[in-house]
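What follows is the residue order along each chain.
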Amino acid sequence: MLPVNRGRAPQRAGMDFTDAKRKPNVLGKVILAVVLTVFCVFILKQSPGISGTNMFSVHELGVTHVLVTGGAGFIGSHAALRLLKDNYRVTIVDNLSRGNMGAVKILQGLYPEPGRLQFIYGDLGDAKFVNKMFSENAFDAVMHFAAVAYVGESTLEPLRYYHNITANTLTVLEAMAAHGIKTLIYSSTCATYGEPEKMPIIEDTPQVPINPYGKAKKMAEDIILDFSKNSDMAVMILRYFNVIGSDPEGRLGEAPRPELREHGRISAACFEAALGTIPGLKVRGIDYPTPDGTGIRDYIDVTDLVDAHVKALGKAQSGKVGIYNVGTGKGRSVKEFVEACKKATGVEIKVDLLSRRPGDYAEVYSDPSKIYRELNWTAKYIDLTQSLSVAWRWQKSHRNGYGICKIEIT
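What counts, and where the lines are drawn
- Residues numbered from 1 in each chain as written.
- Predicted model: local features only at pLDDT ≥ 70, side-chain atom pairs only at ≥ 80, totals over all residues.
- Heavy atoms only, no water.
- Helix = DSSP H or I, 4+ residues; strand = E, 2+ residues; numbered from the N terminus.
- Buried < 20%, exposed > 50% of the residue type's maximum accessible area, 1.4 Å probe, protein only.
- Contact = heavy atoms within 4.5 Å.
- Areas by Shrake-Rupley, 256 points an atom, 1.4 Å probe, with all protein chains shown as cover.
- Salt bridge = Lys/Arg side-chain N within 4 Å of Asp/Glu carboxyl O.
- Axes fitted to C-alpha atoms, helices over the stretch in contact; angles between N-to-C directions.
- Parallel < 35°, antiparallel > 145°, perpendicular 65-115°, else oblique.

**Student:** Summarise the overall build of the chain; cite the residues concerned and give the values.
**Tutor:** Regarding its fold elements, the chain presents twelve helices and 13 strands. Among the 410 residues that make up the chain, the fraction classed as buried is 50%. Considering only intrachain contacts with a sequence separation of at least 6, the fraction spanning at least 24 residues in the chain is 81%. Per element, the accessible surface of the chain, about 19,500 Å² overall, is 53% carbon and sulfur.

Written as structure tokens, this is what we have:
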């Protein structure tokens, strides 16, 4: 429960009304009315049953209020859950184009207390909306996840990606600057590196992205870094790899929209194939210069990933920039991943081998030694089969994802 500083009711000044024949003291009545009004307003603002949202509009000593953009999405919702568990105050903003209101409903059910969590429906591409949101809420930090994030889709709709990722990040950054928000945790991607000549990837590996998704993310990083040079903002940029898994306690999971199956994560496709939702799993690219011909990736469990983001938030320092790779340090081939998925689900998934996907790369995995050295973070959930088994349990019990939830605009 967040600490709430409750004040005592103000004491009314002594007034003598014992003489019934005395003419009414107009000035005294006015003063009394003002005092009572102020007192009532104070009580209303402090009352958890009447004014939960007002608690989000003021800074409170000992409470850190984090804006989680894209907090209804797979990664963002898990991050919000972890922040709430760690007693942060959380505001989620999402336009639900990729996120799930069902995930927000779960979080609201877990943390119903006033001042813990609020959801705001809106689009970060609307500068007026963003500025209004910042003006009405006392944010202490921003954890920026909101982004369309499919490599293949980015090659088909590049303008959408540059607008959604690069332009929207600029809008958020401008609002932060205008309203004095000094801490930014930026959720980036290994796609900014492209196809490095050397493995593993370190933070100083040249960034030469080969698809619009990676390029848009790098442009956003560049904007953040340029701005930070002349400001006292605390910035943490986390570049991570392929995300898998789900909440170990089964509260949240991955529920991509059906129309995005063609572009989605391999883990979601594996599960849908195991459930029989789709006829089989499509593996794109079997002629890469790798041991088994399939792409090699660094699969990071979502629980580890959000742990890295929260550690970065805790270590962020005014006027300094931290850039970190978030991965296991070990590359696994797509073929290895599929075999782990078969084992986790117990289903002999049908696999269709197809040509490479435009904009994809052969091999990427990280050297996470810097984040271990500076943030004391290391991946704990490194067993592919175990991570997929946890996620599979959620999938089996949520065959329709989160279902259909009503959008509540606040």
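**Student:** Describe in detail the pattern of salt bridges, supporting the description with residues and values.
**Tutor:** Scanning all chains against the criterion turns up 20 salt bridges. When the shortest N-O distance is used, the salt bridge between D86 and R82 registers 2.8 Å. A relative accessible area of 22% means that R82 is categorised as partly exposed. In this structure, E157 and R160 form a salt bridge, with 3.6 Å as the shortest nitrogen-oxygen distance. Taken together, the salt bridges that share partners define one network made up of R82, D86, D307 and K311.

**Student:** So, unusual backbone geometry: which residues are in play, and what are the values?
**Tutor:** The peptide bond linking M199 to P200 adopts the cis configuration, its omega dihedral lying at 0°. Inspection of the secondary structure assignment puts P200 in the loop between β5 (183–189) and α7 (212–228). Of note, the phi angle at L96 is positive, near 65°, even though the residue is not glycine. For L96, the position within the fold is in the loop between β2 (89–94) and α3 (101–110). Exposure remark for L96: the relative accessible area of 9% places this residue in the buried category. Phi at N376 takes a positive value of approximately 55°, unusual for a residue other than glycine. Checked against the element boundaries, N376 lands in the loop between α11 (369–375) and α12 (384–397). Residue classification places N376 among the exposed positions, given a relative accessible area of 56%.

**Student:** Got a sec to walk through the packing of helix α2 (residues 74–85) against α3? Specific residues and values, please.
**Tutor:** Packed helix pairs are characterised by how far apart their axes lie and by the angle those axes make with each other. Where α2 meets α3, the axes come as close as 10 Å, and the angle between the chain directions of the two elements is 10°. By the criterion of interaxial angle, the relationship of α2 to α3 is roughly parallel. In this structure, α2 uses S77, A80, L81 and L84 to contact α3, whose residues at the interface are A103, L107 and L110.

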